[in-house]
Structures are given as C-alpha cells and as structure tokens.
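One-letter residues, chain by chain:
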Amino acid sequence: MGSFIAKMLLPTVSSLVFLPTASVAAKRGFHMEAMVYFFTMFFTAIYHACDGPGLSILCFMRYDVLEYFSVYSTALSMWVTLIALGDFDEPQRSSVTMFGVLTTAVRIYQDRWGYGIYSGPIGSAVFIITVKWLQKMKQLRAVYPEKSVYTQQVGPGCCFGALALMLRFYFEEWDYAYVHSFYHLSLAVSFILLLPKKNRYAGTGRNAAKLSCFALCCCSVTPGTTKEKKDKTKEKTKDKTKKSSRTVWTVPIEKLWTGRCSTPILPLYNPPPSTAVKGTSISKLKEMNGWK
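Quantities reported herein were computed from a predicted structural model and do not represent experimental measurements. (Residues numbered from 1 in each chain as written. Predicted model: local features only at pLDDT ≥ 70, side-chain atom pairs only at ≥ 80, totals over all residues. Heavy atoms only, no water.)

A few words now on the UniProt feature "transmembrane region" (unreviewed entry) in the protein. Sequence positions flagged by UniProt for "transmembrane region" (unreviewed entry) are, in local numbering, residues 35-58, 65-85, 115-134, 154-171 and 177-196. For the annotated span residues 115-134, helix accounts for 95% and strand for 0% of the residues, and the straight-line distance between the end C-alpha atoms is 28 Å. In the segment residues 177-196, helix accounts for 90% and strand for 0%; the C-alpha atoms at its two ends are 31 Å apart. (UniProt positions renumbered as here; feature names shortened; annotations may be inferred. Helix = DSSP H or I, 4+ residues; strand = E, 2+ residues; numbered from the N terminus.)

Shown next, in the form of structure tokens:
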C-alpha cells in the first residue's frame with residue numbers, strides 16, 4: 001500500500017524539478033523565464049496532486065482549470081526558452097514573446113491533448129530563430145552563433161527535449177507514474193541546457209539587475225545591493241555638506257573678529273595724523289580748522 005501511494009505521488013514530486021530550473025534562470029539573469037518556470041512548477045504540481053490519494057484538499061481551483069494551466073504553462077516554458085536562445089534585440093524580443101503567449105493560450109484552449117499543443121510553439125520558434133540566424137550568417141559571412149553554442153547548448157538541449165516529447169506522447173502507456181516523472185526531469189534539463197549562459201540585457205557587475213521581492217511586487221528592479229546603496233548615499237551626503245558648509249542655515253563656528261584682532265570687539269578707526277603744512281601760520285591753521 002505504501003509503495004502504491006508513493007508511486008501515485010511521484011508525478012507530483014517530480015514536478016518540483018522546475019524549481020531548480022527557475023533558480024538557474026534567475027541566476028543567469030532571465031527573470032521572466034524564471035517566473036514562467038515557477039508558474040509551470042506550481043500548476044503542474046497542484047494538478048498532479050489532485051490526482052493523488054488524500055491530496056484533494058490542495059485543489060483550490062476547478063480540475064479543468066488546473067489541467068488547462070498545467071498544459072499552457074509547459075508550452076509557454078518551451079516558447080520563452082527558445083526565444084531566449086534566439087537572442088533577439090528589443091523590441092523584437094518582447095513582441096515575439098507576447099505573440100507566442102497569446103497564440104499559445106488560444107491554441108491550448110481549443111485542444112489540450114493534441115500534438116499541436118507543443119509542436120506549434122516549438123515549430124514557430126525554430127522557424128523564427130532559423131531565419132534570424134541565417135540573416136546574421138549572411139551579414140557576418142561566418143558561423144553564427146559560435147560552434148560551442150551548437151555543441152554545448154543546442155545539441156544536448158534538443159536531445160533532451162525530443163526525449164521528453166517522446167516520453168510524453170508515446171511511452172506513457174507503459175507506466176504513467178514513472179514515465180511522466182522522467183518526462184518532467186528531461187524537460188527541465190532541456191530548459192537549462194537551451195537557456196543561454198548570460199542575459200545581456202540584465203547588466204553586469206554593480207549594474208546587474210537583482211530579482212527581489214520588490215521586483216515581484218511590480219516595483220522597480222534595483223541594480224546592486226543595499227550595502228552599495230547605503231555607501232553611495234553616505235558619499236552624496238558628505239559631498240553636499242562639504243559644498244554647503246557656509247549657508248544661511250548654518251551657524252559659523254569661527255568667531256569673526258577674534259582671529260583677526262587682539263580683542264574680541266570691533267576695531268576702532270584711527271585717522272592718520274595730519275601733517276603740518278609748511279609756510280602757514282598759526283592763525284591760518286585756526287581759520288582752516290574753524291577755530292576762533
């Protein structure tokens with residue numbers, strides 16, 4: 001009985017492999033892709049938990065809604081991973097991503113179990129990437145991207161992706177619990193391999209964007225750490241105090257007259273002594289000074 005329950009819970013537990021995938025994507029600077037992988041992990045785990053024994057309490061939504069978002073999030077993860085591999089410039093990157101988000105939602109709402117739910121996004125993304133890379137090769141007259149991308153990312157990632165699709169559509173009848181769990185594992189590995197090593201739009205060094213709780217709450221993504229921010233604010237305040245050390249709002253520390261005079265009072269004005277004018281008599285001087 002215990003082995004049967006563990007077998008039924010295996011698809012739910014295997015859905016958690018998308019959590020390390022989201023962590024790797026966030027580490028590489030692909031924050032949007034990380035949120036999509038987390039979205040996939042959440043709805044896939046809840047959907048399989050509703051099928052498991054004794055976990056019906058986790059079904060906080062209708063079963064058909066969980067089923068829809070489980071399939072939709074998986075297809076969306078494939079789409080954003082391939083678009084990230086294409087390394088498009090803005091605004092092409094955001095436009096192509098939103099095109100896939102909208103068309104995939106409509107396609108899966110129409111049919112959730114056909115082959116087109118995954119072949120449509122994958123085929124469209126591969127076609128767009130091929131056209132873009134061929135144009136780059138024509139401009140550069142060389143292989144684009146580098147050969148290491150084909151050998152280390154594209155080749156192994158496509159192999160694990162093909163294995164995942166084969167397990168999903170052709171071998172689930174053998175043993176659903178084990179086969180579907182390996183499907184989750186191979187799909188997560190393919191996402192990690194196909195995702196580029198670094199997002200060139202995420203910044204580098206101190207300007208690297210950090211995915212924090214403020215960013216998830218629709219606040220701005222702040223570059224750098226809080227410690228660097230505090231140091232910068234301290235430096236700014238020091239510069240301001242140095243520049244504005246003598247203003248109308250500050251009291252001068254130095255006494256105005258003590259440093260310049262021997263006594264702390266205003267200096268008295270001493271007129272220069274008047275020199276006697278030669279050739280004038282005393283009576284003439286009295287008349288000049290107004291004396292009588």
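Formed by 41 residues in total, the largest nonpolar core has its most connected members in Ile 108, Tyr 118 and Leu 187. Contributing elements (two or more residues each) for this core: α2 (18-27), α3 (31-51), α4 (63-86), α5 (92-110), α6 (116-140), α7 (147-170) and α8 (176-194). The dominant element in this core, judged by the number of residues it contributes, is α4, at twelve residues. Not counting the four nearest positions on each side in its chain, Leu 187 is found in contact with Phe 18, Thr 74, Met 78 and Ala 164. Listed in part, the five residues of the second largest apolar core include Ile 46, Tyr 47, Cys 50 and Leu 66. (Core = buried A, V, L, I, M, F, W, Y, C linked by side-chain atoms within 4.5 Å. Buried < 20%, exposed > 50% of the residue type's maximum accessible area, 1.4 Å probe, protein only. Contact = heavy atoms within 4.5 Å.)

Looking now at a nonpolar patch on the surface. Taken together, Leu 19, Phe 38, Phe 42 and Phe 60 make up a surface patch of nonpolar side chains, about 390 Å² in accessible area. Counting through the fold element by element, Phe 60 comes out in the loop between α3 and α4. (Patch = residues over 30% accessible without salt bridge, like charges linked within 9 Å, V, L, I, M, F, W, Y side chains within 5 Å. Areas by Shrake-Rupley, 256 points an atom, 1.4 Å probe, with all protein chains shown as cover. Salt bridge = Lys/Arg side-chain N within 4 Å of Asp/Glu carboxyl O.)

When you line up the elements, Leu 194 lands in helix α8. A relative accessible area of 8% places Leu 194 in the buried class. Ignoring sequence-local partners within four residues, the contact set of Leu 194 consists of Thr 81, Leu 82, Leu 85, Gln 153, Val 154, Gly 157 and Cys 158.

Right, let's get into the confidence of the model for the protein. On average, residues of the protein carry a pLDDT of 78, and 65% of them reach 70 or more. Summarising per-element confidence for the protein, the mean pLDDT is lowest in helix α9 (residues 213-216) (50) and highest in α2 (94). Confidence drops under pLDDT 50 across residues 218-227; counting only partners more than four residues distant or on other chains, this segment forms 13 contacts. Segment residues 243-252: pLDDT under 50, and three contacts once partners within four positions in sequence are set aside and those in other chains are kept. (pLDDT = per-residue confidence, 0-100.)

Right, let's get into the pattern of salt bridges. Inspection of every chain in the model, using the stated rule, returns four salt bridges. Note that Arg 93 is salt-bridged to Glu 33, the shortest N-O span being 3.3 Å. Of this pair, Arg 93 sits in helix α5 while Glu 33 sits in helix α3, and the two are 60 residues apart along the sequence. For Glu 90, the salt bridge is made with Arg 93, and the minimal N-O distance between the two is 3.8 Å.

A separate point is the state of the cysteines. Applying the stated criterion across every chain yields a total of one disulfide. Disulfide pairing is shown between Cys 50 and Cys 59; the S-S distance is 1.9 Å. Note on Cys 59: relative accessible area 28%, which makes it partly exposed. Of all cysteine sulfurs in the structure, the one in Cys 159 sits closest to Cys 158, which takes part in no disulfide; the separation is 7.1 Å. On the basis of relative accessibility, which here comes to 44%, the residue Cys 158 falls in the partly exposed class. You can call Cys 159 exposed: its relative accessible area is 54%. (Disulfide = S-S within 2.5 Å.)

Following both chains from N to C, one finds α6 and α7 inclined at 165°, their axes separated by 13 Å at the closest point. By the angle between their directions, the pair α6 and α7 is classed as roughly antiparallel. Our pair here, α6 against α7, has a crossing hand that is left-handed. Residues Ile 117, Tyr 118, Ile 122, Trp 133 and Met 137 of α6 pack against Tyr 150, Val 154, Leu 165, Arg 168 and Phe 169 of α7. (Axes fitted to C-alpha atoms, helices over the stretch in contact; angles between N-to-C directions. Parallel < 35°, antiparallel > 145°, perpendicular 65-115°, else oblique. Left-handed = near helix turned anticlockwise from the far one by under 90°.)

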